[in-house]
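Coordinate analysis (summary)
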Amino acid sequence: MLTNNYIALAQKNLVSNGSFEDELSGWVDYSAKVTPYIFNAGKMSCALFSSDASKWTGIHQIVSLPKNTQYILMTAKLKTDAVSTGKESWNGALFLFETLNKSEEKIGEGINIASITGDQDWKLYERAYIIPPGVSKIKLLFALGYVTGTLFIDDVNLKVISQAEFEKHL
Amino acid sequence: MKNIYKLMKYTCYGLACLSLLFNTFLAMGQQVRSTTILLDQLGYYPRLEKSAILTKETAANSFELLSIPNQKVVYSGVLSDQKSTGYSAIKTRIADFSNFNEPGDYILRIPGIGDSLTFRIGNNVHQELAVAALKGFYYQRASFALDQTYAGKWYRAAGHPDTSVYIHPSAATKNRKADSRINVAGGWYDAGDYNKYIVNSGISTATLLSAYEDFPTYFQGLKVGIPHAKSNVPDILTEAIYNLRWMLKMQDPNDGGVYNKCTNLDFDGMIMPDQAIAKRYVVAKGTAAALNLVAVAAQASRILKAFPSQYPGLADSCLAAATHAWDWALKNPKLAYDQDTMNKMSDLKVNTGAYGDQDFEDEWIWASAELLASTGQQQYYDAFFARLNASVNLPSWSYVGILGYYTLIRRQSQLSAAYSGMTSILKKRIVNIADRYVSSLKTNAYGTVMGSAATDFNWGSNSGAMNQSILLINAYLFTKNTAYLNAASSNLDYILGKNATGYSFVTGFGNKPPMHPHHRLSFADGVEEPIPGLLVGGPNREKQDGLKYEHAAPELAYLDDVNSYASNEIAINWNAPLVYVVNALADLQRTLSGSSK
């Protein structure tokens, strides 16, 4: 049973509506749009646009992890158009995550997976991660962090993986 | 050879003498010794890779090995294409004679360039160094008279008894008020100075303990000639325990916290230790100090369990000290040692080394790994696993996380199945770094891992080289891939002369060793030769000592000058990896079979 459950979990994308086919359902957004004109797969993607470099423009989703999860893989396809450089080196089109406890309190600092500036065609970004004791949820965030331009997001995925799969990403 | 070096060195012999030597060489049919053929001055192991470097341009494309004394050509080879470092103007060519394995004495001859120094191929080429590097710690003992029987001409009176050391205001507590006194006798002097620092003692002691854990049979047979050795206790443990006992004294038994250092307010002058009588203080407890004691005491506890009659109760005392310090650290998880801030709050300003670490995640990794290995308890596994996402780097006093990796891999078979599974992650990370080193070795202009980038030449660069080798040896131990062993050996060759400076960086060893290390004991003892077996810092492109260096190239930024603390100091955390590498290779090369290629 454990094995069957594991296989089921390992195959499942724990992100709700990661391909934005159901518009922004499942995501908390701050002025995001979906677009049928530019996408990596399916018929839609999410687009973040900002013309104000003093603002954080983004979306996020909190993903609950199955009990005793030890290894996860987070992936997303990203495309950027004319993303400016910000005042800080980390400013840009961002894909990051935070670890949360049961009460959705943040544990530690956010961890960056991608920080992009300029123009870039669709590209896969991924991060394998070991779930520390006490972490129950992952908050996935996409943002234009204090820059202008457009960020397209598609195929967001978070899945439980085995240790062997995790080691392939080292 | 040392005599020839000295002969060359003293200008009183002058040009006339050199001319005479030159003519004599020619008359004997020999070529002039070239200072541009650089090699391991102590020699090479038969079954490991062997190469020399040439730093002078030549039209020649071949080289020969000649046996000594009969000067018969025993091997011919082809010089590599010209190589460039990418960070300096120096061009090199490499003479690789790995395929020649016959023990004996040889010179390497390059047409139009000349002959190398005489060097040896043999199974014991580094044995004297292996002994001396460990004995270097005996010479660093504080609060201890060095008897002529053991210390030879470097015997000396005891200094810094440290039996009545003041509590600095930064370390004062309800139970130990400022200006009260405690006994923190013993331990090793840290470096060229006479102070004792827990943070740097931690990695140094642990490296010796790890050398023993990795090669216990070998070290049972290694005698270095130190006093107070107990029956069946290897000398490496005797020496490590000398410092361990001091580290234990640096713990406040009232709360488990650990003082950062035992120190003067200012560095002593260049005098012998018995003449240095400045007041001594223990200064400020801190998280790094506590976790260093946790790691070392936890590691020592499992090793000392095998020596109950020689050290009754010490294993238990170590484990108790480790868990007490762990509990203190849990309550004080981020207490940094900030000397500048501390000095603003006290009239007793401390101006000695700070070892001020700000990031303790690596200390938590190391400490939790050692306690997990020694106790098997879940809480330490959780603490380790919680930090398994952290990246790992080469160890130094301020970055110790990977020491925990080494330990858990070494102890994998003793861990429960629930814990041992994750060691494959640790191995993968170490192999990733080792593979990078092997890859850089293939392109490096010096045929070594060390010096692949200009940033390798930092303060204590030689210890970086030795820690690279330790990582490679650890990778070899669990993969048995000899490429890692050869890469590790290449860095030892670097240390012993196969480098741009042509120095062997260990005092007393090689044809061109440091004669003027920044080391009070060697400077003030009235003996011409420095204490042997000590690894100096090595080329340091940052040159923080402000001295005038002859060369701008990073790999040449070295001065054999007593004032060059940035490139020519010695330190316990630099000698410890030398001890590990020299002895590990001496042991492992015997187990290899066949050709080095």
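Here we summarise the structure given alongside this text. Since the model is a prediction, treat every value here as computed from it, not as a measurement. Residue positions within a chain follow its written sequence, with the count starting from 1. Note on labels: chains are lettered from A, ligands numbered from 1, in written order. Per-residue local features are limited, in this predicted model, to residues with pLDDT of at least 70; the limit for side-chain atom pairs, both in listing and counting, is 80 or more; totals at the level of whole chains, interfaces and linings are taken over all residues.

**Observations concerning the packing of helix α13 (residues 401–410) of chain B against helix α15 (residues 423–443) of chain B**
Helix-helix packing: each pair is described by the crossing angle between the helix axes and the interaxial distance. Residue and element names in this part refer to chain B. Put simply, the test is: Lines are fitted to the C-alpha atoms to define the axes, a helix being fitted only along its stretch in contact, and any angle between axes, read from their N-to-C directions, falls within 0 to 180 degrees. Under the DSSP-based scheme used, a helix requires at least four consecutive residues in state H or I and a strand at least two consecutive residues in state E, with every element numbered from the N terminus. Any angle that falls under 35 degrees is termed roughly parallel, while one over 145 is termed roughly antiparallel, one within 65 to 115 roughly perpendicular, and all others oblique. By convention, the crossing between two helices is left-handed when the near helix turns anticlockwise from the far helix through less than a right angle, and right-handed when the turn is clockwise. A residue pair is marked as a contact if its C-beta atoms, positioned from the backbone, fall within 7 Å. Gly is placed with the polar residues, together with every amino acid not listed as nonpolar (Ala, Val, Leu, Ile, Met, Phe, Trp, Tyr, Cys and Pro) or charged (Asp, Glu, Lys and Arg).
α15 packs onto α13 with a crossing angle of 125 degrees between their chain directions and a minimal axis gap of 9 Å. Relative to α15, the element α13 lies oblique. Here the hand of the crossing between α13 and α15 comes out left-handed. Every residue of α15 that contacts α13 at Tyr405, Leu408 and Ile409 is listed here: Thr423, Leu426, Lys427 and Ile430. Taken together, the residues of the contact of α13 with α15 break down into five nonpolar, one polar and one charged.

**So, helix α11 (residues 361–375) of chain B**
As a reminder of what qualifies: Multiply 1.5 Å by the residue count of a helix minus one, and that product is the helix's expected span.
Taking 1.5 Å as the rise per residue, α11(B) with 15 residues should run 21 Å; its terminal C-alpha atoms sit 21 Å apart, in good agreement. Positive phi appears at B:Gly376, one or two residues downstream of α11(B), with a value of about 70 degrees.

**Considerations on the environment of B:Val131**
All names here are of chain B. The following threshold applies: To sort residues by burial, count the other C-beta atoms lying within 10 Å of each one's C-beta; a count of 20 or more means buried, 12 or fewer means exposed, and anything in between means partly exposed. C-beta atoms are built from the backbone.
In this fold, valine 131 is placed in helix α3 (residues 127–139). Accessibility expressed as a C-beta count within 10 Å gives 21 for valine 131, which makes it buried. For the pair valine 131 and alanine 576, spaced 445 residues apart in sequence, the C-alpha to C-alpha distance is 12 Å. Not counting residues up to four positions away in its chain, the partners in contact with valine 131 are Leu222 and Val224.

**Digging into the nonpolar core**
Where a protein is soluble and globular, its nonpolar side chains tend to be buried together. For the record, the criterion: Connectivity within a nonpolar core runs through C-beta atoms within 7 Å, and the core itself is a set of buried Ala, Val, Leu, Ile, Met, Phe, Trp, Tyr and Cys residues.
One finds B:Leu293, B:Val294, B:Ala322 and B:Val581 to be the most contacted residues of the largest nonpolar core, which totals 185 residues. Non-local contacts of B:Val581, meaning those with residues more than four positions away in its chain, are made with B:Met466, B:Ser469, B:Ile470, B:Ile473, B:Ala488 and B:Leu492.

**A closer look at the pairing of strand β4 (residues 56–64) of chain A**
Residue and element names in this part refer to chain A. For clarity, the cut-off: For two strands to be treated as a pair, DSSP must find at least two bridges joining them.
Bridge count between strand β1 (residues 28–29) and β4: two bridges; the pairing is antiparallel. When the sheet's bridge partners are listed, valine 28 is paired in β4 with histidine 60. Relative to strand β9 (residues 137–145), β4 is paired through nine bridges, and the arrangement is antiparallel. In the strand pairing of β9, tryptophan 56 is matched with glycine 145.

Function cannot be read off these values alone, since they describe shape.
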